[in-house]
Amino acid sequence: MASTQAAAATEQAPTKNPTLLAWVAKMAAMTQPDRIVWCDGSEAEKQRLTEQAVKDGTLIPLNPQKRPGCYLHRSNPNDVARVEHLTFICTPNKTDAGPTNNWMEPEAAYTKLSQLFEGCMKGRTMYVVPYAMGPLGGPSTKIGVELTDSDYVVLNMRIMTRMGKAALDMLGDSDDFNRGLHSTGDVNPDRRYICHFPQDNTIWSFGSGYGGNVLLGKKCLALRIGSYLGREEGWLAEHMLILGVTSPKGETTYIAAAFPSACGKTNFAMMIPPKEYAGWKIETVGDDIAWMRPGPDGRLYAINPEAGYFGVVPGTNYKTNPNAMETIAKDTLFTNVALTPDGDVWWEGKDGEVPEELTDWQGKPWKKGSTEKAAHPNSRFTAPMSNNPVLSGKANNPQGVPISAIIFGGRRSNTVPLVLQAFNWTHGVFLGATMGSETTAAATGKVGVVRRDPMAMLPFCGYHMGDYLQHWLDMQKSIPQLPKIFQVNWFRQDKNGKFIWPGFGENMRVLEWIVNRVHGRVPTQETLLGWVPRQDQGLNLNGLDLPAEAITEATSIKEDEWKSELKSQEVFFEQLGTKAPEALMLQRKLLIARLDG
Ligand SMILES: O=C(O)CSc1cccnc1C(=O)O
Ligand SMILES: [Mn+2]
């Protein structure tokens, strides 16, 4: 059998790359698929795979009158989100993985998963999926090859990455590609592992068919392996959106922003400014991941390594994100949303009346008034970024865009003010390192617990978090024109638990202040936390129906809250042990001194 696989892997392969051919043959010998298909990313292939997926029930075609080119997928109800407790960083030493990751010794992990992969593709097809993370031909772009037995994964990867012949051609005969092996197995949580081997540029994923566990280009390569490669090669792989803000005078400023999951990154990246900002434009370069490296002019340049969006569906509507609604109007795959009787999709928070009857995300009848969710809270859309009406013209620029500001944000009902600017890069890294975000019911069931999520990378850093923060500090030596760093908090609540700040398009007012600060146009007021908008020359609040005391509350800095905040940050730094960067410990001491001053 092994020789048959090896032969098959070689005969029909559209490449002569010896390393790639040998690796595919070796994986095929282990998994023993009935057939091997090399994906070319063509339209014809998409049609073929889609028809096959509809035939085998993986995809349900939606009404082309309502949603042309769109399909619905229902995952196994035991397989509906990233599985952090089953995600492992398998570096040679446990220390290298660090205290924020699950670790497995590499050989033990290979042995354990080899036993699961052995013969798992009998009766199945192995798809060989070459893909590029980044614009084709770009200096920052990385090539991956995912071997998978899921046509759903192939169709998603075609949207999310530059997948197929173009990627294979870019790889040529190089052995510098990420080796991804995935099988849905029997979709059993007891036999589900997502293992990363950064030292081997390898990812093995077994037993899931969902999202970030199986679309290996996204969280696995672009962040966990990417962050490890970035440290080795002198760049940054970050969980950040990238947007461009263009003023009425035509000046465009590019900004990267890190928010933990479910804090509205996609909404922010596609924001529509309020009417008071006529002539201003926000354009999306990326909604989730940024790869940033120093450019020849001394600035920090960012690319979006992805070609699509894998966004949260519930809560998306024409009020919260009209551009997202346009983006998912065609050629989109929906996962775990509800189905209407006339073949459209529905989800909680969608515009318009709640339908009387639906088929829920598990395929069961659902009636209006049910206490059960019709769409799963983590239901997702997979849509081409080319559908986005406000896609930046620079989204496919191989060199990326120059970043003038980096924003760190989190979901905090108190303590953190609406916006502040860091005193310098090192202070800004401290702000990013100490980011916290309150958990929401959709994520864990407990609401309001502050989870430390440094730079929104807690689940996505591929090595020791202390070393990662030190890498951020070290990077400033190679970026003569450093971006300015800011912290925002859209989620502060009043004493009745209501959000004080309206958020959504009104966040443009904070963005404008940030742009003005980047171009040195407005003075600031110094506080113990950093620089904040001045009362007289601060945020543009024209037309905003918000009482003065609300603004005061949203921007307030309360010493008692910060004393307990600093206490709660202690645990995070203790966790880093001796790898906690000295420069950040000094920033902590300075803040404590300012608080006690
Ligand atoms: O649940 C999943 O596998 C998706 S998680 C995800 C998807 C797109 C963008 N960001 C995230 C995330 O958890 O940060
Ligand atoms: Mn994300």
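Residues numbered from 1 in each chain as written. Chains lettered and ligands numbered in written order. Predicted model: local features only at pLDDT ≥ 70, side-chain atom pairs only at ≥ 80, totals over all residues. Heavy atoms only, no water.

An unreviewed UniProt entry annotates the protein chain as Phosphoenolpyruvate carboxykinase [GTP] originating from Corallococcus caeni. If you open the UniProt record of the protein chain and go to Function (unreviewed entry), you find "Catalyzes the conversion of oxaloacetate (OAA) to phosphoenolpyruvate (PEP), the rate-limiting step in the metabolic pathway that produces glucose from lactate and other precursors derived from the citric acid cycle." As recorded by UniProt, the Subcellular location (unreviewed entry) comment attached to the protein chain reads in full: "Cytoplasm". (UniProt positions renumbered as here; feature names shortened; annotations may be inferred.)

Asks: Just give me the short version of the overall build of the protein chain, but keep the residues and values in it.
Replies: A tally of helices and strands in the protein chain yields 18 helices and 31 strands. In terms of C-alpha radius of gyration, the protein chain reaches 24 Å, essentially the compact-globule figure of 25 Å for 597 residues. Based on the C-alpha atoms only, the size of the protein chain along its principal axes is roughly 75 × 55 × 45 Å. Pairs at least 24 apart in sequence give 73% of the contacts found in the protein chain among residues at least 6 apart. (Helix = DSSP H or I, 4+ residues; strand = E, 2+ residues; numbered from the N terminus. Rg over C-alpha atoms; globule rule 2.2 N^0.38 Å. Contact = heavy atoms within 4.5 Å.)

Asks: Outline the coordination of the manganese ion (ligand 2), supporting the account with residue identities and numerical values.
Replies: Under ideal tetrahedral coordination, the four donors around a metal are separated by 109.5 degrees; under ideal octahedral coordination, the six donors are separated by 90 or 180 degrees. Looking at the manganese ion (ligand 2), the protein donor atoms are K219 (NZ), H239 (NE2) and D288 (OD), and they sit 2.1 to 2.4 Å from it. Between consecutive donor residues of the manganese ion (ligand 2), the sequence gaps follow K-x19-H-x48-D. Separated by 69 residues along the polypeptide, K219 in helix α9 (residues 217-233) and D288 in the loop between β15 (281-286) and β16 (290-294) bring together distant segments of the chain. Overall, D288 belongs to the buried group, its relative accessible area being 9%. (Donors = N, O, S within 2.8 Å, 3.2 Å for Na, K, Ca; no water. Buried < 20%, exposed > 50% of the residue type's maximum accessible area, 1.4 Å probe, protein only.)

Asks: Describe the state of the cysteines, listing the residues and the values that go with them.
Replies: Here the structure, examined in full by the defined rule, presents zero disulfides. In this structure C90 is not part of a disulfide, and its nearest cysteine sulfur, from C195, lies 4.0 Å away. Its relative accessible area of 0% is what places C90 among the buried residues. The thiol of C263 is unpaired, and the distance to the nearest cysteine sulfur, on C461, comes to 19 Å. (Disulfide = S-S within 2.5 Å.)

Asks: Now, about the nonpolar core: what can you tell me, with residues and values included?
Replies: Core analysis: the largest hydrophobic core is formed by 90 residues, its most contacted members being M292, I406 and W472. Ignoring sequence-local partners within four residues, the contact set of M292 consists of W235, L236, E238, M240, A256, L300, Y301, A302, I403, I406 and W472. (Core = buried A, V, L, I, M, F, W, Y, C linked by side-chain atoms within 4.5 Å.)

Asks: Go over the side chain of K218 with me, naming the residues and quoting the values.
Replies: In this structure, K218 sits in helix α9. For K218, a relative accessible area of 8% corresponds to the buried category. If we ignore the near neighbours within four places in the chain, the residues touching K218 are M160, L223, D288, I289, E306 and F310.

Asks: Explain the packing of helix α17 (residues 559-576) against helix α18 (residues 582-596) residue by residue, including any values.
Replies: Between α17 and α18, whose axes approach to 11 Å, the crossing angle comes to 160 degrees. One finds that α17 runs roughly antiparallel with respect to α18. Crossing handedness for the pair α17 and α18: left-handed. Two secondary-structure elements touch here, α17 through E559, W562, K563, L566, Q569, E570 and F573 and α18 through L584, M585, R588, L591, I592, L595 and D596. (Axes fitted to C-alpha atoms, helices over the stretch in contact; angles between N-to-C directions. Parallel < 35°, antiparallel > 145°, perpendicular 65-115°, else oblique. Left-handed = near helix turned anticlockwise from the far one by under 90°.)

Asks: I'd love a proper account of the sheet that holds strand β19 (residues 333-335), names of residues and values included.
Replies: Spatially, five strands are ordered β2-β3-β19-β24-β18 in an open sheet, and the strand pairing comes out mixed. Of all the strands in the sheet, just β2 (60-61) and β18 (308-312) have a single pairing partner and so form its edges. With five bridges connecting them, β18 and strand β24 (residues 380-384) associate as antiparallel partners. Looking at β24, one finds that Y309 is bridged to A383. (Pairing = 2+ DSSP bridges.)

Asks: Describe in detail the site of ligand 1, supporting the description with residues and values.
Replies: Within the structure, ligand 1 sits among 14 residues, and R82, G212, K219, S261 and N378 are positioned closest to it. For ligand 1, an oxygen atom lies 2.9 Å from a polar atom in the side chain of S261. Within the side chain of D288, one N or O atom sits 3.3 Å away from a nitrogen atom of ligand 1. For ligand 1, the protein covers 93% of the area, taking 360 Å² as the surface of the free molecule. Residue assignment for the shell around ligand 1 shows that the elements contributing at least two residues are α8 (211-214) and α9. Of the residues contributing to the shell around ligand 1, the split by class is four nonpolar, five polar and five charged. (Near = heavy atom within 4 Å. Polar contact = N/O pair within 3.5 Å; in protein donor to acceptor, adjacent residues only side chain to side chain. Areas by Shrake-Rupley, 256 points an atom, 1.4 Å probe, with all protein chains shown as cover. Nonpolar A, V, L, I, M, F, W, Y, C, P; charged D, E, K, R; others polar.)

Asks: If you had to explain the UniProt feature "active site" (unreviewed entry) in the protein chain to someone new, which residues and values would you point to?
Replies: Listed under "active site" (unreviewed entry) in the UniProt record, and renumbered for this structure, are C263. Inspection of the secondary structure assignment puts C263 in the loop between β14 (252-258) and α10 (265-269). The class of C263 is buried, set by a relative accessible area of 5%. In this structure, C263 is in contact with G410, R411, S437 and F491, ignoring residues within four places of it in sequence.

Asks: Give me the lowdown on unusual backbone geometry, citing residues and values where you can.
Replies: You will see that T415, though not glycine, has its phi angle at about 70 degrees, which is positive. Along the chain, T415 falls in the loop between β25 (401-409) and β26 (419-421). You can call T415 buried: its relative accessible area is 4%. Although it is not a glycine, F504 sits at a positive phi angle of roughly 50 degrees. Structurally, the position occupied by F504 is in the loop between β29 (484-488) and α15 (508-518). Look at F504 and you get partly exposed, because its relative accessible area is 36%.

Asks: Please give an account of the packing of aromatic side chains that cites residues and values.
Replies: As enumerated under the stated definition, the model contains 23 aromatic pairs in all. Considering the side-chain rings of F117 and F206, the 5.2 Å spacing of their centres and the 90 degrees angle between planes classify their relative orientation as edge-to-face. Of the two residues, F117 sits in helix α5 (residues 106-117) while F206 sits in strand β11 (residues 202-206), which places them 89 residues apart along the sequence. Relative accessible area serves as the criterion here: at 0%, F117 is assigned to the buried category. Owing to a relative accessible area of 4%, F206 belongs among the buried residues under this scheme. By the ring-pair criterion, three or more aromatic residues cluster together here, those being Y110, F117, F197, W204 and F206. Geometry around F177 places R179 over its ring, the cationic atom sitting 4.0 Å from the centre. Above the ring of F491, the side-chain terminus of R411 is found at 4.4 Å from the ring centroid. (Phe/Tyr/Trp six-rings, centres within 6.5 Å; stacked < 30°, edge-to-face > 60°. Lys NZ or Arg CZ within 6 Å of the ring centre and 35° of its normal.)

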